[in-house]
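Residue-level structure breakdown
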Amino acid sequence: IKNFPIHMIPIDVSLSHYKRSDVQEEIIANAKDREVAVKFNDNFGKRPDVLRHTSDILEMAKQGATSFHASEELWKNPLQLDTSMRRQELDSLRIGWDLVIDIDCTVFDYSKIAADLVIKALKFHKVKSVSCKFSGNKGFHIGVPFEAFPEKAENEDIKNIFPDAPKKIALYIKHMILEEFGERILNLEGEISKVLEKTGKKASEVIYKDKGRTKFNADSILQMDTLLISPRHLYRMPYSLHEKSGLVSTPLNPDKVLLFKKEFALPKNVRISSHRFL
């Protein structure tokens, strides 16, 4: 794939993509009850913002918008959000949150393996509402909607346990898949030297000694955005372009993540998936 210059999407490409009515409809569907932030190549527009009408998307694109980002949290009125708000004020305005696990390994094939394992781990725990989308660059977003969670956990309203609850879930899932992830990477590459070559890491970062045996530190290459989950945390919206790659953040069948190719996410190749994110 011939990528566009870094941090720059030609205006004709963004306009052509965002004028598609099917793309507009999917972005608006994802925007319900969310704070939205619009990016203009390198810079974000005003926050908080919202998207309510399909026409808003094309209008933003005409002004130079290159991508659209939305909050994991769901709000009664996102426009009331303010950086000076205390925890209690945020809790009263929040109506829920979605779990979005962000996988972004430096090697795309490793991201595919990690995403597949996260999806399998969630389904092992009988979670049925699992969705997935290509992030637009090197990784994947795995989503579980708020409706899939119980109303309370340890006698506390689940809507108020943010960002602690999604952080703990993501860390638990990471711990659960780590060993299998390492085994799959070694099976794929055959030897550690190839992992070092692809990741650019030093041997000391990837290998450690345990009771005299050499072991592979899979944690050093499994990039899952767990600690960065925070209040008003954003993710790239489905069918939004990515400034670094020029590709589209594309929803896909979670059971077929290993078959995904970046070519599917070229703007000219993108088709609306029957698997809607979240």
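Analysis parameters
Residues numbered from 1 in each chain as written. Predicted model: local features only at pLDDT ≥ 70, side-chain atom pairs only at ≥ 80, totals over all residues. Heavy atoms only, no water. Phe/Tyr/Trp six-rings, centres within 6.5 Å; stacked < 30°, edge-to-face > 60°. Lys NZ or Arg CZ within 6 Å of the ring centre and 35° of its normal. Core = buried A, V, L, I, M, F, W, Y, C linked by side-chain atoms within 4.5 Å. Buried < 20%, exposed > 50% of the residue type's maximum accessible area, 1.4 Å probe, protein only. Helix = DSSP H or I, 4+ residues; strand = E, 2+ residues; numbered from the N terminus. Contact = heavy atoms within 4.5 Å. Polar contact = N/O pair within 3.5 Å; in protein donor to acceptor, adjacent residues only side chain to side chain.

What follows is about the packing of aromatic side chains. Per the stated rule, a full pass over the model turns up 11 aromatic pairs. A connected cluster of aromatic rings, assembled from ring pairs, spans Phe108, Phe134, Phe140, Phe260 and Phe264. In this structure, Lys262 packs its charged tip against the face of Phe108, placed 4.9 Å from the ring centre.

Turning to the nonpolar core, a few remarks are in order. Ile103, Val118, Phe140, Ile142 and Phe181 are the most contacted members of the largest nonpolar core, which has 47 residues in total. Counting residues per element, the ones that place at least two in this core are strand 5 (99-103), helix 5 (108-124), strand 6 (131-134), strand 7 (140-144), helix 6 (164-189) and helix 7 (192-199). The biggest single contributor to this core is helix 5, with 10 residues. The residues touching Phe181, leaving out its near neighbours within four places in the chain, are Cys105, Tyr110, Ile113, Ala114, Leu117, Ala218, Ile221 and Leu222.

Next up on the list: the side chain of Ser249. Tracing the backbone through its elements, the reader meets Ser249 in the loop between strand 12 (234-236) and strand 13 (251-252). For Ser249, a relative accessible area of 0% corresponds to the buried category. Within polar-contact distance, the side chain of Ser249 engages the backbone oxygen of Phe134 at 2.7 Å. Beyond its immediate chain neighbours, meaning those up to four positions away, Ser249 contacts Lys133, Phe134, Ser135, Gly136, Arg236, Met237, Pro238, Tyr239 and Ser240.

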